[in-house]
Number of protein chains: 2
Amino acid sequence: MNEPLRELIEFLKIPSVSAKEEHKPDIQKAADWLVERLRRAGFSAEAVPTAGHPIVYAEKIVGEERPTVLVYGHYDVQPAEPLELWKTPPFEPTIRDGKLYARGASDDKGQVFAHVAAVSQLGGELPVNVKFVIEGEEEVGSSNLVPFVEANRERLAADAVLVSDSPMFAPGLPTLTYGLRGLTYMEARLRGLGRDVHSGAYGGAVPNAAHAAAWMISQLKDPMGWVRIPGFYDDVEPISPAEREMWSKLPFDEAEYAAEVGARSTAGEPGYGILERRWARPTFDVNGIGSGYQGEGSKTVIAAEAFFKFSMRLVPNQDPGKIADLTEAYLRKIVPEGYELEVLRYHGGQPVLVPTDSSPMQAAAAALSRAWGRETVFTREGGSIPIVYDFMRVLGAPVVLMGFGLESDNLHAPNEKIDLINFEKGIEASKNFFRLLPQYVGKGK
Amino acid sequence: MNEPLRELIEFLKIPSVSAKEEHKPDIQKAADWLVERLRRAGFSAEAVPTAGHPIVYAEKIVGEERPTVLVYGHYDVQPAEPLELWKTPPFEPTIRDGKLYARGASDDKGQVFAHVAAVSQLGGELPVNVKFVIEGEEEVGSSNLVPFVEANRERLAADAVLVSDSPMFAPGLPTLTYGLRGLTYMEARLRGLGRDVHSGAYGGAVPNAAHAAAWMISQLKDPMGWVRIPGFYDDVEPISPAEREMWSKLPFDEAEYAAEVGARSTAGEPGYGILERRWARPTFDVNGIGSGYQGEGSKTVIAAEAFFKFSMRLVPNQDPGKIADLTEAYLRKIVPEGYELEVLRYHGGQPVLVPTDSSPMQAAAAALSRAWGRETVFTREGGSIPIVYDFMRVLGAPVVLMGFGLESDNLHAPNEKIDLINFEKGIEASKNFFRLLPQYVGKGK
């Protein structure tokens, strides 16, 4: 086993689940591990305390005149539940068929660590200044990162921000992502009764919160995939003919895509292709619903309460705050009579589109092409990396989204993995990028 | 504390939850406790093993020429969850303000034990033959009781079947129930994906089982309370003008009723009063729904699966099997494309209407009136006691539904209780019934 892989496995063994209080010591352990590793690579590094989990900051300045790259990633991971669906335990990294299985393998430990390994291998030959910002709260909304970036605007100044927390379009196909969807995550809680009641004695005469929840969801998105919140589509930027053209050339097989997630068929808005639906159309999805009896068998109860958690993926120029307002107003309008409605707002994020013709993007395309021996493709992404918007806004630097993962990596799901070849090529691409960047930005040698 | 109350508390301390495998020893303990108690009252008694939980059978024959009463009840109880909502632990019976709080206090240990206490107090002066059938599977569908009754038709022969597992119409108002709703309990399970996926990467392009479940529920019952399953209402017997008239005289305050369950307003079919909706109209209620993330905060997931458990309360002449067939056919028709649907059928029960002018019913009315000092009212009940139908069918004896509980007893919910006065009056009414029955049925002295 080579050294970077051995180290990645060590990193993945730390169950740094940011959503759970019980894993707070593991979060600290993961941060300390990174600090130690970056110091060994010749970086000055520290775990900066925040109101939440620490941010690992590290830098190695090789020359004032050299271009500077800020690498962003996160060391926290999603909860591993449901545990019973993992073939091998989530925090006991296991190699099977050229893939490394573990929570965080692809999202994001494996991807961010490729850059750590790259700077380590370059050692004294690192031709650019490199700064690392690796946070521990990406999976819970990054609430302490933006204040950190804003407070350290000059310290973080860079010519390019390099982010590896996204997928390649297909195995073996080097990919740069130039668009991300935004996000608004909310929850509706309904109460129809002061207490749970017997469904026989009361059924037919009292409100049933599960029905109200179901009915509201049916009013939020129609079966064809059209979101019914008034004003939801008002600010949506249409897809340009050039993008449609570019995407149509990507190797994409809808049947294969459906098969990969075990779906009988794909779903979504008529009139748009799958890539368009995922990359350039907003959507609404329930992420969790619960009411009444959850156990095995039957219980004759009418529950007092119901909840549904939901999120909307947004595209340029939708605004998460405005969408949350529209949604809350609509929820309050459609809630059936007789129910108390509470609306919660969780994290959100701005959609992002970055120019593909910036020097760092072009350098990145060349770096990736060299590593994989194929021409780099430009794609958008359905997911959200809210901090990308903030890096652009605060630092004013172009962001390069250089992903080493795959859609099939089971992100946020059981049996998350990274292909070993992608981890290896990722390290190579990272080194290429650091080597090529000076030529493209016209600084340095 | 008087002896029957002390003994009831002992009985309630046994956590005889029939739905949970872990409580199997407690089920046996409750059965044994009853056997021992009935033997002390001069009965021959045994816990008869079945394929499931044992049935306690006991009898005391005072004379071939005397009328025979078969008392039915159940010693099993509902699960106590959610435990955190109980003010005092469910299996540590506690008296507060003249009420005894414990799981099973009203459903059904407190009610069935009133009869055990009554025959015990009558001792050698018991003027009728009494048989007890007390089962341990009422809360999980009574699947072994009907075979037992059928196999013991002659041993169980009786002039009346006395059942106390229902509520009084109002505190202090003696009540005989002459109608029960039937039941069909089912579950729908939906699968849209082979695995859970990230809601960002996939949202808008793949099926979401939570939406399919919500949409199907919205198609099963409209917001006005009308069940949309084709044929659902076909066999419903209309409410007679005489019943409407009788019910309209009952002391009932809709606002008070809503307040008692903490509802802002009542719900249900337009054109029917609350009592009519609960007693003589069929209904459909979701008893549990679940999909995706159930924990605190947010998780950006699209779940592969969703389920909803639901039950239909049926009225004369609806048939549970036919309704289940109609429902399954409708579910298979409305399930959106792209989802795998599994339909489960749990327990069911026939609706029941018994004549109010039988001798046992008239004797029971007199017995109750004497105990409470008020005229007995005749009501129906929204709940189901499926075995009542089978007793009538197999034994051919009239069934007397003499309830000592209240709607507000929190059946199947946290903080179940029985009013001590109802337990005491229940013992008195039971003794009155045994004393009066011979005169009414024209047998014996």
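**Description of unusual backbone geometry**
Residue and element names in this part refer to chain B. With an omega of 5 degrees, the peptide bond running from Asp 107 to Asp 108 counts as cis. As for its position among the elements, Asp 108 is in the loop between strand E5 (99-101) and helix H3 (109-122). In this structure, the amide linkage connecting Pro 316 to the following residue, Asn 317, adopts the cis form with an omega of -5 degrees. Considering the arrangement of structural elements, one finds Asn 317 in the loop between strand E13 (305-314) and helix H10 (320-334). With a phi angle near 65 degrees, His 412 is a residue other than glycine that sits in the positive phi range. Locating His 412 in the fold gives a position in the loop between strand E17 (399-402) and strand E18 (417-419). On the neighbour-count criterion, His 412 (24 C-beta atoms within 10 Å) is buried.

**Regarding the interface of chain B and chain A**
Contact residues are listed per partner, giving 73 residues for chain B and 73 residues for chain A. Those elements that provide at least two residues to the side of chain B that touches chain A are strand E10 (197-198), helix H5 (199-202), helix H6 (209-220), helix H9 (274-279), strand E11 (283-292), strand E12 (301-302), E13 and strand E14 (340-349) of chain B. If one sorts the elements of the side of chain B that touches chain A by residue count, E11(B) sits on top with nine residues. Residue composition of the side of chain B that touches chain A, grouped by class: 27 nonpolar, 32 polar and 14 charged.

**Section: the nonpolar core**
One finds A:Val206, A:Ala209, A:Ala213, B:Val206, B:Ala209 and B:Ala213 to be the most contacted residues of the largest nonpolar core, which totals 102 residues. Here B:Ala209 is in contact with B:Leu190, B:Arg191, B:Gly192, B:Ser291, B:Ala303, B:Ala304, B:Glu305, B:Ala306 and B:Tyr339, once residues within four sequence places are set aside.

**Examining the confidence of the model for chain A**
When pLDDT drops low, the exact placement of atoms in the prediction is not to be read closely. A residue-level look at chain A finds 99% of positions with pLDDT of 70 or above and a mean pLDDT of 95. Across the predicted assembly, pTM comes out at 0.84 and ipTM at 0.84.

**Observations concerning the relation of the copies chain B and chain A**
Taken as rigid bodies, chain B and chain A are interconverted by a rotation of 180 degrees and an axial shift of 0.0 Å, the fit giving an RMSD of 0.0 Å. Look at the turn and shift together and you get a two-fold axis relating the two. Here 100% of the interface residues in chain B have copies in chain A that are interface residues too; the copies meet face to matching face.

**Focus on the packing of helix H11 (residues 359-372) of chain A against helix H13 (residues 420-441) of chain A**
Residues and elements named next belong to chain A. In contact at an axis separation of 7 Å, H11 and H13 are set at 140 degrees when each is read in the N-to-C sense. With respect to H13, the axis of H11 lies oblique. Crossing of H11 against H13: the hand is right-handed. From H11, Ser 359, Pro 360, Gln 362, Ala 363, Ala 364, Ala 366, Ala 367, Leu 368, Arg 370, Ala 371 and Trp 372 reach across to H13, where they touch Lys 425, Glu 428, Ala 429, Asn 432, Phe 433, Leu 436, Leu 437, Tyr 440 and Val 441. Residue composition of the contact of H11 with H13, by class: 14 nonpolar, three polar and three charged.

**Focus on the domain arrangement of chain A**
All names here are of chain A. For chain A, the assigned domains are domain 1 (3-180 + 351-441) and domain 2 (182-241 + 277-349). Of note, the centres of domain 1 and domain 2, computed from C-alpha atoms alone, are 33 Å apart. Counting from both sides, the interface comprises ten residues of domain 1 and, opposite them, 13 residues of domain 2. Those elements that provide at least two residues to the side of domain 1 that touches domain 2 are strand E17 (377-381) and helix H12 (386-395). By residue class, the composition of the side of domain 1 that touches domain 2 is four nonpolar, four polar and two charged.

**Here's the deal with the sheet that holds strand E20 (residues 417-419) of chain A**
Residue and element names in this part refer to chain A. Read across the sheet, three strands follow the order E4-E5-E20 without closing on themselves; strand pairing throughout is antiparallel. Pairing within the sheet leaves two strands with one partner each, and these edge strands are strand E4 (94-96) and E20. Adjacent strand axes in the sheet meet at a mean angle of 25 degrees, parallel and antiparallel pairs treated alike. Here E4 pairs with strand E5 (residues 99-101) via three bridges, running antiparallel. Residue pairing in the sheet places Ile 95 in a bridge with Leu 100 of E5. In this fold H13 packs onto E5 and E20, with an angle of close to 65 degrees to the strand it touches most, E20.

**A word on helix H12 (residues 386-395) of chain B**
Listing the buried residues of H12(B) in full gives B:Pro386, B:Ile387, B:Val388, B:Tyr389, B:Phe391 and B:Leu395. Of the residues trailing H12(B), B:Gly396 is marked for its positive phi of about 65 degrees.

**As for the environment of A:Ile274**
Inspection of the secondary structure assignment puts A:Ile274 in helix H9 (residues 274-279). Measuring from C-alpha to C-alpha, the distance between A:Ile274 and A:Glu254 comes to 7.4 Å, with 20 residues separating the pair along the chain. If near-sequence neighbours (up to four positions away) are discounted, A:Ile274 is found in contact with A:Glu254, A:Tyr257, A:Thr266 and B:Ala205.

**Quick word on the sheet that holds E11(B)**
Across the sheet, eight strands lie side by side as E15(A)-E10(A)-E14(A)-E12(A)-E11(B)-E13(B)-E9(B)-E14(B); this open sheet has antiparallel pairing. Only two strands of the sheet have a single neighbouring strand rather than two, namely strand E15 (340-349) of chain A together with E14 of chain B. Sheet twist, expressed as the mean angle between neighbouring strand axes with direction ignored, is 20 degrees. Where strand E9 (residues 182-191) of chain B meets E14(B), eight bridges bridge the pair, whose relative direction is antiparallel. By the bridge assignment, B:Arg191 is partnered in E14(B) with B:Glu340.

**Here's the deal with helix H6 (residues 209-220) of chain A**
Spanning twelve residues, H6(A) covers 16 Å between terminal C-alpha atoms, matching the ideal 16 Å at 1.5 Å per step. Among the twelve residues of H6(A), ten are classified as buried, and the element is accordingly described as predominantly covered. Those residues of H6(A) not exposed but buried are A:Ala209, A:Ala210, A:His211, A:Ala212, A:Ala213, A:Ala214, A:Trp215, A:Met216, A:Ile217 and A:Leu220. Buried residues belonging to H6(A) abut strand E10 (182-191), strand E12 (283-292), strand E14 (305-314) and helix H10 (320-334) of chain A together with H6 and E11 of chain B.

Cut-off values and rules
- Residues numbered from 1 in each chain as written.
- Chains lettered and ligands numbered in written order.
- Predicted model: local features only at pLDDT ≥ 70, side-chain atom pairs only at ≥ 80, totals over all residues.
- Helix = DSSP H or I, 4+ residues; strand = E, 2+ residues; numbered from the N terminus.
- Buried ≥ 20, exposed ≤ 12 C-beta atoms within 10 Å, placed from the backbone.
- Contact = placed C-beta atoms within 7 Å.
- Nonpolar A, V, L, I, M, F, W, Y, C, P; charged D, E, K, R; others polar.
- Core = buried A, V, L, I, M, F, W, Y, C linked by C-beta atoms within 7 Å.
- pLDDT = per-residue confidence, 0-100.
- Least-squares fit on C-alpha atoms with pLDDT ≥ 70 in both.
- Axes fitted to C-alpha atoms, helices over the stretch in contact; angles between N-to-C directions.
- Parallel < 35°, antiparallel > 145°, perpendicular 65-115°, else oblique.
- Left-handed = near helix turned anticlockwise from the far one by under 90°.
- Domains from an automatic or database assignment.
- Pairing = 2+ DSSP bridges.
- Expected span 1.5 Å × (residues − 1).

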